[in-house]
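Chains, contacts and geometry: an overview
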Amino acid sequence: MDDVHKGRCLVSGDRSPRRVARRLREGMARGVLSFPLTAFHDDGTLDPDGCRAHLAARLAAGPGAVFPACGTGEFFSLDEEEYRQVVAIAVEEARGRVPVVAGTGYGWAQAARFARIAEEAGADALLVLPHYLVAAPQEGLAAQLEQLAARTRLPVVAYQRGQVAYTAATLRRIARVPNVIGLKDGHSDLDRLQRLTLAAPEDFLFFNGAATAEMQARAYATVGVPAYSSAVHAFAPEIAGAFFAALRDEDHATTGRLLRDFYVPLVELRDRVPGYPVSLVKAAARLRGERVGPVRAPLTDPAPADLAELRTLLAAGLALVGASL
């Protein structure tokens, strides 16, 4: 390992599963989990300076952890060298203040290649995105995670969404793997999720990873999963922070107002076009002057009419929390 990578690992510190899980738990209690964007130039090439500025702004807003190169960060469009740069920038900007959890995915063999890169770059843990394309039985879902976990020293958080949905029996199996420390849920099936939380070890981490997670944050909390990821934090940390504080303080008037007047209209706009859960987030960050650039194909940037509607909605949402464009 070269001197730069040695330095990054020293910044990140002890990455044992127990310590990383504790740091994540502490972070989840004090702020949202931030999923930063990956900045591109107008020609589609990676913009490292834009990535760095975006990460710095996210960290200044006080998240519980940062998750670079995940879904919102367009992991699926990055090559290995771009991925290395994105993760390294996140580690350098975080400077050990919050955990850095890098995305990885595809089949376990390719996921292990990304995992090695993330480990060399100094990431604290991995978020395992759903595998590519095929449906699989529970035996295969468990084996996929076990194969990856055996090939990395980093703690691993599984992500169930799309074609990945664990049963309680499978959850018990993967939770026995020493470096599997948690589960991000994107299905919003609260009956299934309650069964999983009851089947898991007491110290196993769970968090809400549904699209626009604030919409369901109150419901998730009722089954013992109050922590959540926030795409809104990528462009309006003032709104994301106000919602988190109101939810924590059981300020139902504020959560209700933010849901009704900002989050619900945002979701209605988001659902118009496939890919808008990422494209709108990136467009909103650009509207606020952030240098994040366009999305990469197969995603598309919002149509002009949708962009105008987003601008109006964003200004209204910011006004609700005393901020402005």
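The structure under discussion appears in the preceding block.
Residues numbered from 1 in each chain as written. Predicted model: local features only at pLDDT ≥ 70, side-chain atom pairs only at ≥ 80, totals over all residues. Heavy atoms only, no water.

1. Section: the environment of Val32
To be explicit about the condition: Under the scheme used here, helices are H or I runs from DSSP no shorter than 4 residues and strands are E runs no shorter than 2 residues, and both carry numbers assigned from the N terminus. Relative accessibility under 20% of the residue-type maximum defines a buried residue, over 50% an exposed one, and the middle range a partly exposed one, all with a 1.4 Å probe and only protein chains included. Whether two residues touch is decided by their heavy atoms; if any such pair falls within 4.5 Å, the residues are in contact.
With respect to the element layout, Val32 can be found in the loop between helix H2 (17-30) and strand S1 (33-34). Taking the relative accessible area as the measure of exposure, Val32 reaches 5% and is therefore buried. Sequence-wise, Val32 and Ala240 are 208 residues apart; in three dimensions their C-alpha atoms are separated by 7.6 Å. Once residues lying within four places of it in the same chain are set aside, the contact partners of Val32 are Pro63, Gly64, Ala65, Tyr228, Ser230, His233, Ala240 and Phe244.

2. Details of the state of the cysteines
Defined as follows: When two cysteine sulfur atoms lie within 2.5 Å, the pair is treated as a disulfide.
Using the criterion set out here, one finds 0 disulfides in the structure. The thiol of Cys51 is not disulfide-bonded; the next cysteine sulfur, from Cys70, is found 13 Å away.

3. Let's talk about the sheet that holds strand S2 (residues 65-66)
Sheet strands pair by backbone hydrogen bonding; their relative direction is either parallel or antiparallel. Under the convention used in this document: By the convention used here, strands pair only if DSSP detects at least 2 bridges between them.
Spatially, the 3 strands line up as an open sheet ordered S2-S1-S8, and their pairing is parallel. In this open sheet, the two strands that pair with only one neighbour each are S2 and strand S8 (229-230). The pairing of S1 with S2 spans 2 bridges and is parallel. Counted as the bridge partner of Leu33 is Ala65 from S2.

4. A few points about the pattern of salt bridges
Side chains that carry opposite charge are capable of pairing whenever their charged atoms lie near each other. Where we set the bar: Any Lys or Arg side-chain nitrogen found within 4 Å of a carboxyl oxygen on Asp or Glu counts as a salt bridge.
Counting across every chain of the model gives 22 salt bridges. In this structure, Asp124 and Arg23 form a salt bridge, with 3.8 Å as the shortest nitrogen-oxygen distance. Highlighted residues: Asp124 in the loop between helix H5 (108-121) and strand S4 (125-128) and Arg23 in helix H2, separated in sequence by 101 residues. Across the pair Asp301 and Arg286 runs a salt bridge whose closest N-O atoms are separated by 3.5 Å. Taken as a pair, Asp301 in the loop between helix H12 (276-287) and helix H13 (304-320) and Arg286 in helix H12 lie far apart in primary sequence, 15 residues in all. A single network of salt bridges, built from pairs that share partners, joins Arg52, Glu92 and Glu93.

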